[in-house]
Amino acid sequence: MSLIPLLAAFLYGGIGSGLIVSAVEIVFSYYFHGPEVEWVALITVFLIPFILSFIYLSNWKHKSPKIMFPALLALICAFATFCVSLFDSFTNEIPFTLSSILIGLGYCVIHMLTMSMITFLIEHIKENLALRQEFQKSEKLNVLSELAASVAHEIRNPMTVARGFMQILNQSQVSEEKKRMYTAMVIEEIDRAQNIISDYLSLAKPQAEKLEKLDASTLSQKLANLINPYASLLNVQIAFEMESYLWILANGEKLMQCLVNLTKNGIEAMPDGGTLQIRGYKEKDLVRIEIRDNGIGMTHEQLERLGTPFYSTKQKGTGLGMMVSYRIIKTFGGTIDVTSQLNKGTCFVVTLPGAS
Ligand code: ADP
Ligand code: MG
């Protein structure tokens, strides 16, 4: 019988999957080996309680090195199976030979090695998945912290303006009409500050995974609120040109995280200032968002490396922004295409399937 799938199911899938695999194995051996099924069923029935108690008592998932426990479990189970088969041949009066014992021991060792290999692979894959999520989080934190300074700066402006108007209003000789005008301006400034803060916070909050139908053109205002402070700090203008009603199936917050990454890169590519163009339009069933800068551009080699983790040419860069962006857009069934020319500029085109 095959112990390895059985053990893997119990170790990683829990009791339910373990029992299902056991049942499948018993049915299978009945089909192919006929009378031998009694032995398989007997071994399985004896092994299951042992496997379960071993898993629960060893609490192996919280111990390291993890590989040791499944390997030991496989060794013991294989040894038990071997003993049963010895017993079987004993009752059938088949004499033991040295080679049959050696084969049995080999059987145990091979089980142990295979199980350690499988555990190693599974743990490796799990670690990789966790690492990917960690990347996304750390990238987000980094972008947030970089934007924070400019956002704070941008909020100070409306404050100063509002304060100035308040000071004027405090003087008695201001006419009613002017009072009304100033108050309206103060409210406008404070609303602007509030929008910046709420958009910043919505970028910062933990993101839900689910996709929803949304109009990409409505994101431009949010994006502008978020990125304008940073752009003006680096002397960059942002020109939006969005068709209305760009319906897509996506997750608004994640898409925003990606757009912030791309616009931020565009802004950082223009150290001497310039204009960043952001265009959104429909093309057949597709929605495209184009982010074009006329900054430093990239060489062919740099383009090739774009999106590999930790690839950055910036002193404070993380080299995670592009990788995270590619991954986010991929989960929406879209692509990011990049064209770039050294010293001329770069164009990112995010293409997403449209939703009707
Ligand atoms: P980071 O911005 O932290 O360096 P990214 O993954 O966002 O990491 O970008 C990786 C690298 O790709 C950047 O360091 C830069 O060299 C290059 N790059 C990205 N966007 C642009 C752009 N618009 N113009 C020129 N180079 C870019
Ligand atoms: Mg970046």
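Cut-offs used in this document
Residues numbered from 1 in each chain as written. Chains lettered and ligands numbered in written order. Predicted model: local features only at pLDDT ≥ 70, side-chain atom pairs only at ≥ 80, totals over all residues. Heavy atoms only, no water. Helix = DSSP H or I, 4+ residues; strand = E, 2+ residues; numbered from the N terminus. Rg over C-alpha atoms; globule rule 2.2 N^0.38 Å. Buried < 20%, exposed > 50% of the residue type's maximum accessible area, 1.4 Å probe, protein only. Contact = heavy atoms within 4.5 Å. Areas by Shrake-Rupley, 256 points an atom, 1.4 Å probe, with all protein chains shown as cover. Lys, Arg positive; Asp, Glu negative; His and termini not counted. Charge placed at Lys NZ, Arg CZ, Asp CG, Glu CD. Salt bridge = Lys/Arg side-chain N within 4 Å of Asp/Glu carboxyl O. Near = heavy atom within 4 Å. Polar contact = N/O pair within 3.5 Å; in protein donor to acceptor, adjacent residues only side chain to side chain. 1 Å grid on protein atoms, 1.4 Å probe; cavity = no way out; pocket = protein on both sides within 12 Å on 5 of 7 lines; lining within 4 Å. Sits in = over half its atoms within 2 Å of the grid points. Nonpolar A, V, L, I, M, F, W, Y, C, P; charged D, E, K, R; others polar. Pairing = 2+ DSSP bridges. Disulfide = S-S within 2.5 Å. Axes fitted to C-alpha atoms, helices over the stretch in contact; angles between N-to-C directions.

Novice: If you had to explain the overall build of the chain to someone new, which residues and values would you point to?
Specialist: In terms of regular secondary structure, the chain is built from nine helices and seven strands. Here the C-alpha radius of gyration of the chain, 32 Å, is well above what a compact globule of 356 residues would show, namely 21 Å. The 356 residues of the chain split such that 40% are buried. Contacts in the chain between residues at least 24 apart in sequence constitute 71% of all its contacts with a sequence separation of at least 6. Total accessible area on the chain is roughly 20,600 Å²; 62% of this is exposed by carbon and sulfur atoms. Taking the average place of the 30 positive charges on the side chains of the chain and the average place of its 32 negative ones, the gap between the two points comes to 7 Å.

Novice: Quick one: what's the story with the environment of Ser-138, residue by residue and with numbers?
Specialist: Along the chain, Ser-138 turns up in helix α4 (residues 98–170). For the pair Ser-138 and Gln-171, spaced 33 residues apart in the sequence, the C-alpha separation amounts to 50 Å.

Novice: Give a description of the pattern of salt bridges that names residues and reports values.
Specialist: Under the criterion given, the structure shown has nine salt bridges. Glu-146 is paired through a salt bridge with Lys-264; the nearest N and O atoms lie 2.6 Å apart. In this pair, Glu-146 is assigned in helix α4 and Lys-264 in helix α7 (residues 252–268), connecting sequence segments 118 residues apart. Overlapping salt bridges, with partners in common, bring together Glu-146, Lys-264, Glu-268 and Lys-314 in one network.

Novice: So what's going on with the site of ligand 1? Which residues, and what values?
Specialist: Around ligand 1, the surrounding shell holds 19 residues, and the nearest of these are Ser-312, Thr-313, Lys-314, Thr-318 and Met-322. Residue Gly-321 places a main-chain N or O atom 3.3 Å away from an oxygen atom belonging to ligand 1. With the chains in place, 96% of the 540 Å² that ligand 1 exposes on its own is no longer accessible. Here ligand 1 occupies the largest pocket. Sorting the residues of the shell around ligand 1 by element identifies α7, α9 (321–331) and β7 (345–353) as the ones contributing at least two each. For the shell around ligand 1, a count of residues per class yields seven nonpolar, 10 polar and two charged.

Novice: Lay out the pairing of strand β3 (residues 247–250) with the relevant residues and their values.
Specialist: Judged by which residues are buried, β3 turns out to be one-sided: Ile-248 and Ala-250 face inward and are buried, whereas Trp-247 and Leu-249, on the alternate face, are not. In this sheet, β3 lies alongside strand β1 (residues 212–215) in antiparallel orientation, the contact comprising four bridges. Among the inter-strand pairings, Leu-214 is bridged to a residue of β3, identified as Ile-248.

Novice: Can you break down the state of the cysteines residue by residue, with the values?
Specialist: Taken as a whole and judged by the stated rule, the model has zero disulfides. Sulfur of Cys-77: no disulfide; nearest cysteine sulfur belongs to Cys-108 and is 10 Å away. For Cys-77, a relative accessible area of 0% gives the class buried. The thiol sulfur of Cys-108 is not disulfide-bonded, and the nearest other cysteine sulfur, from Cys-83, lies at 7.6 Å. Overall, the relative accessible area of 3% leaves Cys-108 in the buried class.

Novice: Outline the sheet that holds strand β2 (residues 236–242), listing residues and values.
Specialist: Ordered in space as β2-β4-β5-β7-β6, the five strands form an open sheet in which the pairing is mixed. Each end of this open sheet is capped by a strand with a single partner; those strands are β2 and β6 (335–341). Going from strand to strand, the sheet's axes swing by 15° on average, the running direction of each strand aside. Bridge analysis of strand β5 (residues 286–293) against β7 gives eight bridges, and the strand direction is antiparallel. Across the sheet, the residue bridging to Ile-289 is Val-350, located in β7. The sheet strands contacting helix α6 (residues 219–233) are β2 and β4 (274–283), and the helix crosses β2 at an angle near 165°. Where α9 meets the sheet, its contacts fall on β6 and β7, and the angle it forms with β6 comes to roughly 140°.

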